[in-house]
Amino acid sequence: MLQDTNINMLQDTHLNINRKDVNYIKKIILNNLTGKSYSNKLIGLEDQYNTLYDICKKTIQTGESNSTLLIGNRGCGKTMIINKLLDNLNKEFNEEKQTFLTVRLNGLVQSDDRLALKEMIYQLSQEEAMENLNSTSFSEILSYLLNVLSIGTKTSKPVIIVLDEFDLFTQHNKQTLLYNLFDIAQSNQNPIVVIGLTCQLNVVELLEKRVKSRYSHRQILCFPPLEIENFEKIIINSLKIPENITNINENYVKTFNNEIDNIFKDESMRLIINRLFDITNNPRNFLKICLEPIYKLSINEPYPKVNDFLDAYTRQYVDSKTELLKGTSILELCLIIAMKCLLEKHIELFNFEMIYNEYKKFVQKIEATGNGREIFFKKQVAMKALEHLIAIELVLPTEASGKCPKEYRMMKVLLEPNQITQAVLKHSECPTSIKQWGTRWL
Amino acid sequence: MSIQDEVDEQFKILKDNYPGRELQINRLQCLIGDIHQVVPPSIFIFGDSATGKTSIVKAIFSKYRENASFINCIDCYTPRLLFEHCLNKLSGYVPSPDNLYTNYAHCETMSEFVHYLIEICNENKNNEDEITGKYLIFDNAERLRETNPLLLSALLRIPEITNLNITIILISNIVWEKFRSQTGVLEPILLQFPSYTKNEILNIMIRDCPKDENKNFYYIFIELLYDVFNKPCRNLNELRHMAMLLYPKYIEPINEGKATRNDTVKLFKHIEIYFKQALDKLYLRNISSSEWNNKSIEDYIEPSINSDISFELPYYTKYLLIASYLASYNPPRYDLRFFSKSSENKRRKSRKQEDVSSSKKSQQLYGPKVFPMERMLAIFYSIIEDPIEGTIDINRQIASLLTLKLLIKIGNTDMLNQMKCKCNVNYEFIQYLSKSVHFDITKYLYEAI
């Protein structure tokens with residue numbers, strides 16, 4: 001490795017990399033990683049893309065209406081397919097003259113039908129109509145939109161409607177929007193395609209009967225990469241610079257791409273890819289790790305380093321609860337260990353008095369060694385410490401406050417006994433006696 | 001000076017001003033320091049309280065002018081407040097008398113918010129090639145979970161939905177696991193602010209050293225303070241608060257000419273009594289800082305017993321409360337033994353030793369039990385010394401105890417004689433009350449504490 005970097009250093013002086021090049025490369029890769037660019041190659045999703053492309057093309061060219069659902073896990077590339085599809089269709093059919101319209105809605109943003117309808121009208125670029133509609137009722141907006149969409153014949157402009165988070169739309173009152181959209185798609189009115197994106201497999205069951213019967217029952221399933229090779233390909237692909245890019249130092253691009261290949265051949269890098277793939281096959285999680293090493297690129301360090309990736313990985317996947325516990329005071333740690341003792345006695349729900357009692361017992365036991373006084377505190381002080389633990393949600397009260405004195409409010413601890421033991425071992429200022437108490441195995 | 005220069009300058013200043021946070025500031029600079037690059041979609045900053053999260057982030061973004069909006073989610077507790085404040089800050093709109101304190105726009109839903117956001121970002125765009133990042137910062141982000149379960153997922157998806165160069169920064173003292181919901185929150189980049197180590201805490205506290213004071217002398221004082229207080233409390237803010245109030249007491253002997261600066265042992269002996277009191281009084285906020293400063297040394301040496309309970313009730317009301325405590329903590333089946341007038345000699349025996357150790361978990365620890373009103377009244381008439389002369393309105397006393405929340409009503413009935421209650425005071429309080437009416441509560445308690 002050392003030799004490699006030395007060679008690179010030598011090359012750098014020849015390559016003459018300037019700040020503009022580095023920033024340009026950073027911009028391309030970051031756009032890839034954050035999903036802002038659509039130029040990325042689709043890997044393992046070509047079939048799904050082609051099916052959707054055919055459907056849309058038929059609508060645009062022959063005025064055939066359709067409805068379909070794109071179902072797949074989070075982060076498997078549904079939105080990317082749509083982004084790419086719309087981008088390509090725009091290039092193909094809307095370049096000279098606008099031949100079709102798009103409407104994109106998101107269930108998270110358009111949380112009811114009224115908002116969704118308004119947004120649709122807005123996106124169909126009828127802004128002047130928008131102003132008149134601001135104060136009108138739901139039924140008026142609906143009938144207006146239906147008019148717009150249904151007076152057309154097969155020759156009117158086709159509309160592609162994308163509904164992101166489709167399952168949330170099914171929760172809207174009476175599913176009016178879905179009913180009407182599917183109805184238009186089924187009866188030969190204005191040509192439209194309705195594409196719903198969701199990660200819920202049983203989404204069809206959420207549709208009401210009358211809505212279901214109007215839906216075409218076409219489903220396209222997306223899968224996250226099943227083989228680690230594909231998983232890796234997706235990641236490497238987003239980190240590389242396309243060779244055909246001009247106006248940039250070509251040699252730099254070449255060495256950069258080589259360097260990326262080298263990084264992914266590294267032993268420890270392979271290890272974390274494998275480990276992550278075992279936890280989740282959502283590539284987005286790995287791309288997130290890549291963000292920081294790429295942000296670090298600068299004119300002095302124009303290539304990412306394996307260590308940066310490893311650092312980013314450990315930071316992202318460290319057990320944050322144990323980390324949080326490391327910084328607690330001795331008293332708080334004692335209270336948590338007391339809770340662990342209660343758990344070992346199979347008492348899952350406890351109150352402050354019980355915890356304090358357990359803590360007191362421990363202090364009495366070590367009193368003989370002479371350092372018991374030092375770690376023993378009054379009830380009120382311990383109560384304040386416990387309230388801090390509740391505030392950082394390591395302890396969760398199970399009763400509403402005000403039902404009984406707060407000392408007797410029942411609560412449970414949101415930590416595994418194992419996590420507590422780890423935290424005690426890692427705590428820097430913990431006295432030996434407490435360490436023994438905390439790590440004692442039943 | 002351009003924004004970028006100011007930002008770079010600010011980062012440099014911050015690194016000097018926050019010892020022990022260099023790593024975190026460097027990471028932040030790496031991620032958001034360059035205002036003209038593609039920004040990360042979301043960052044989650046977390047760590048225990050008093051680790052510098054808010055103050056560092058706030059200081060950084062104070063230089064970003066209209067490109068950042070810093071929102072405290074405790075202030076903006078409804079979506080509408082949240083959205084409108086964000087828009088005001090990003091557009092540079094300031095509510096003032098001239099515009100009748102209106103906001104940039106009326107905005108209640110996520111849908112409208114996304115629209116206005118795009119509008120603002122497009123307005124400011126002057127140069128095609130040059131991109132500028134926008135930053136939405138939400139402090140105390142754990143509150144976002146309470147308003148609307150979809151709000152957080154939607155906020156984190158704003159960069160994806162709008163396709164703008166925008167980043168969402170959440171600050172919280174809770175770990176990220178608690179934010180996940182079933183609607184699929186996009187995972188942000190995690191940035192931890194770990195708790196300070198001992199050396200870091202001392203390095204920060206030495207910065208509070210008074211101007212005319214010797215640094216080494218002050219260091220001895222704060223190290224002493226840390227060693228005493230770090231067991232119950234490692235919160236930096238609390239420690240600094242203590243140091244500020246305790247330091248004048250520490251140098252008192254020097255000012256009075258009784259000791260010199262080198263008499264560390266003498267000074268330690270002097271301050272020791274204050275340290276003990278500070279934990280009981282100052283840390284628990286039982287007295288205010290000004291009260292603390294004005295108190296004389298004698299007050300600390302002979303603290304009055306139970307001085308922190310300052311509460312007065314009428315004579316019979318006290319007995320009522322004691323009766324309710326007994327009803328809550330004694331099992332009903334032993335009532336006959338404790339309170340029956342006939343078995344005068346038997347009742348004095350409380351069951352101190354025998355039962356407590358044998359039961360798996362003492363019942364006392366589970367808190368007050370519910371009791372019917374008749375039982376409490378029966379106990380009440382049994383424990384008062386002399387029969388009540390004339391008529392006192394017992395019911396009114398009970399009602400006032402209920403309003404004071406010393407008794408808690410269980411169930412919905414408003415009829416006093418059918419009501420079931422719980423006693424809501426702790427043992428220390430009831431002990432204090434019994435002492436004031438010369439009543440020995442330990443004789444009547446099933447399990448003595």
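Treat the numbers as computed from the prediction; the structure is a model and nothing was measured.

(A) Structural view of the overall build of chain B. When helices and strands are tallied, chain B shows 20 helices and 8 strands. Here chain B, with 449 residues, has 50% of them falling under the buried criterion. Expressed as a percentage of contacts within chain B between residues at least 6 apart in sequence, the contacts between residues at least 24 apart total 70%. Split by element, the accessible area of chain B, about 21800 Å² in all, is 51% carbon and sulfur.

(B) Quick look at the overall build of chain A. From N to C terminus, chain A includes 21 helices and 7 strands. Projecting the C-alpha coordinates of chain A onto the three principal axes gives extents of approximately 95 × 70 × 40 Å. The buried share among the 442 residues of chain A stands at 55%. Within chain A, contacts between residues separated by at least 24 positions form 73% of all contacts whose residues are at least 6 apart in sequence. Within the structure as shown, chain A displays about 20800 Å² of accessible surface, and the carbon and sulfur contribution to it stands at 49%. Separation between the mean location of the 53 positive side-chain charges and that of the 53 negative ones in chain A comes to 4 Å.

(C) View of the sheet that holds strand β7 (residues 407–410) of chain B. Residue and element names in this part refer to chain B. Strand order in this open sheet of 3 strands is β6-β8-β7, and the pairing throughout is antiparallel. The sheet is open, and its two edges are formed by β6 (371–372) and β7, each paired on a single side. Of the strand pairs in this sheet, β7 and strand β8 (residues 420–423) are connected by 4 bridges, and their pairing is antiparallel. Paired with I408 across the bridge in β8 is K422. Taken strand by strand, helix α19 (residues 394–403) contacts β7 and β8, and its axis lies near 95° from that of β7.

(D) Molecular detail of the packing of aromatic side chains. Residues and elements named next belong to chain B. A full pass over the atoms with the stated rule returns 41 aromatic pairs over all chains. With a centroid separation of 6.1 Å and an interplanar angle of 55°, the aromatic rings of F338 and F339 are classed as tilted. We classify F338 as buried; its relative accessible area is 0%. Given a relative accessible area of 7%, F339 falls into the buried group.

(E) Inspection of the side chain of K78(A) at higher detail. All names here are of chain A. Take K78: it is sitting in helix α4 (residues 78–93). No salt bridge is formed by the buried K78; the nearest opposite charge belongs to D164, separated by 6.6 Å. Engagement of the side chain of K78 in a polar contact is seen with the backbone oxygen of G72, the distance being 3.1 Å.

(F) Spatial organisation of the packing of helix α9 (residues 215–229) of chain B against helix α10 (residues 236–250) of chain B. Residues and elements named next belong to chain B. At a minimum axis separation of 11 Å, α9 and α10 run at an interaxial angle of 120°. Classified by the angle their axes make, α9 and α10 are oblique. Considering only the axes of α9 and α10, their crossing is right-handed. Residues F217, Y218, I220, F221, L224, L225, Y226 and F229 of α9 lie in contact with α10, whose contacting residues are L239, M242, A243, L246, Y247 and Y250. When grouped by side-chain class, the residues that make up the contact of α9 with α10 number 14 nonpolar, no polar and no charged.

(G) Inspection of the sheet that holds strand β5 (residues 219–221) of chain A at higher detail. Residues and elements named next belong to chain A. Taking strand neighbours across the sheet as the criterion, the 5 strands line up as β2-β3-β4-β1-β5 in an open arrangement whose pairing is parallel. The open sheet terminates on both sides in strands that have one partner only, identified here as β2 (101–106) and β5. Strand after strand, the sheet turns through a mean of 15° between neighbouring axes, direction not considered. Relative to strand β3 (residues 159–164), β2 runs parallel, the two sharing 6 bridges. Bridge pairing in β3 links N106 to D164.

(H) Here's a closer look at the domain arrangement of chain A. What the domain assignment reports for chain A is domain 1 (45–222), domain 2 (227–314) and domain 3 (322–439). Centre-to-centre separation of domain 2 of chain A and domain 3 of chain A, based on C-alpha positions: 44 Å.

(I) Representation of the UniProt feature "domain: Origin recognition complex subunit 4 C-terminal" (unreviewed entry) in chain A. Taken from the UniProt record, the annotation "domain: Origin recognition complex subunit 4 C-terminal" (unreviewed entry) applies to residues 236–424 of chain A. For the annotated span residues 236–424 of chain A, helix accounts for 60% and strand for 3% of the residues, and the straight-line distance between the end C-alpha atoms is 40 Å.

(J) View of empty space enclosed by the protein. All names here are of chain A. Tallied over the entire structure, the rule returns 1 cavity of 30 Å³ or more. When its volume is computed, the largest cavity comes out at roughly 30 Å³. Around the largest cavity sit L117, L142, L145, L146, L149, L177, N180 and L181, which together line it. Elements with a minimum of two residues in the lining of the largest cavity: α7 (138–150) and α9 (176–186). Top element by residues in the lining of the largest cavity is α7. It accounts for 4 residues. Across the lining of the largest cavity, the residue classes break down as 7 nonpolar, 1 polar and no charged.

(K) Seen up close, unusual backbone geometry. Residues and elements named next belong to chain B. Here the phi dihedral of N140 falls at roughly 55°; this positive angle occurs in a residue that is not glycine. Mapping N140 onto the fold places it in the loop between β3 (134–139) and α6 (144–147). Phi angles above zero are rare outside glycine, and K405 is one such case at about 65°. Structurally, K405 is set in the loop between α19 and β7.

(L) Seen up close, helix α5 (residues 113–123) of chain A. Turning to α5(A), its buried residues are D113(A), L115(A), A116(A), L117(A), E119(A), M120(A) and I121(A). Residue D112(A) occupies the N-cap position of α5(A), its side-chain oxygen lying 3.1 Å from the main-chain nitrogen of R114(A).

(M) Focus on the confidence of the model for chain A. Averaged over all residues, the pLDDT of chain A is 85; the fraction at 70 or higher stands at 92%. Ignoring residues within four places in sequence, the model shows residues 1–7 of chain A, a span with pLDDT below 50, making 1 contact including any to other chains.

(N) Region of interest: the side chain of H172(A). Residue and element names in this part refer to chain A. Mapped onto the secondary structure, H172 falls in the loop between α8 (166–169) and α9. Judged by its relative accessible area of 8%, H172 is buried. Each residue touching H172, except ones within four places of it in the same chain, is listed here: Q110, S111, D112 and D113.

(O) Summary view of the nonpolar core. If you look at the biggest cluster of nonpolar residues, it comprises 123 residues, and the most contacted ones within it are M110(B), F113(B), F138(B), L144(B), L170(B) and L246(B). The dominant element in this core, judged by the number of residues it contributes, is helix α17 (residues 330–344) of chain A, at 12 residues. Other than its neighbours up to four places away in sequence, L170(B) contacts I43(B), F44(B), I45(B), F138(B), A141(B), L144(B), L152(B), L156(B) and W176(B).

(P) Spotlight on the pattern of salt bridges. Under the definition given, this model contains 33 salt bridges over all chains. Among the salt bridges present, the one from E429(A) reaches R234(B), with a minimum N-O distance of 3.4 Å. On the criterion of chain membership, the pair formed by E429(A) in the loop between α20 (417–426) and α21 (432–439) and R234(B) in the loop between α9 and α10 is interchain, its members lying in two chains. For R234(B), a relative accessible area of 13% puts it in the buried group. Overlapping salt bridges, with partners in common, bring together R74(A), E165(A), R284(A), R157(B) and E160(B) in one network.

What counts and how
- Residues numbered from 1 in each chain as written.
- Chains lettered and ligands numbered in written order.
- Predicted model: local features only at pLDDT ≥ 70, side-chain atom pairs only at ≥ 80, totals over all residues.
- Heavy atoms only, no water.
- Helix = DSSP H or I, 4+ residues; strand = E, 2+ residues; numbered from the N terminus.
- Buried < 20%, exposed > 50% of the residue type's maximum accessible area, 1.4 Å probe, protein only.
- Contact = heavy atoms within 4.5 Å.
- Areas by Shrake-Rupley, 256 points an atom, 1.4 Å probe, with all protein chains shown as cover.
- Lys, Arg positive; Asp, Glu negative; His and termini not counted.
- Charge placed at Lys NZ, Arg CZ, Asp CG, Glu CD.
- Pairing = 2+ DSSP bridges.
- Axes fitted to C-alpha atoms, helices over the stretch in contact; angles between N-to-C directions.
- Phe/Tyr/Trp six-rings, centres within 6.5 Å; stacked < 30°, edge-to-face > 60°.
- Salt bridge = Lys/Arg side-chain N within 4 Å of Asp/Glu carboxyl O.
- Polar contact = N/O pair within 3.5 Å; in protein donor to acceptor, adjacent residues only side chain to side chain.
- Parallel < 35°, antiparallel > 145°, perpendicular 65-115°, else oblique.
- Left-handed = near helix turned anticlockwise from the far one by under 90°.
- Nonpolar A, V, L, I, M, F, W, Y, C, P; charged D, E, K, R; others polar.
- Domains from an automatic or database assignment.
- UniProt positions renumbered as here; feature names shortened; annotations may be inferred.
- 1 Å grid on protein atoms, 1.4 Å probe; cavity = no way out; pocket = protein on both sides within 12 Å on 5 of 7 lines; lining within 4 Å.
- Points joined across faces, edges and corners; volume = space filled by probe spheres on them.
- pLDDT = per-residue confidence, 0-100.
- Core = buried A, V, L, I, M, F, W, Y, C linked by side-chain atoms within 4.5 Å.

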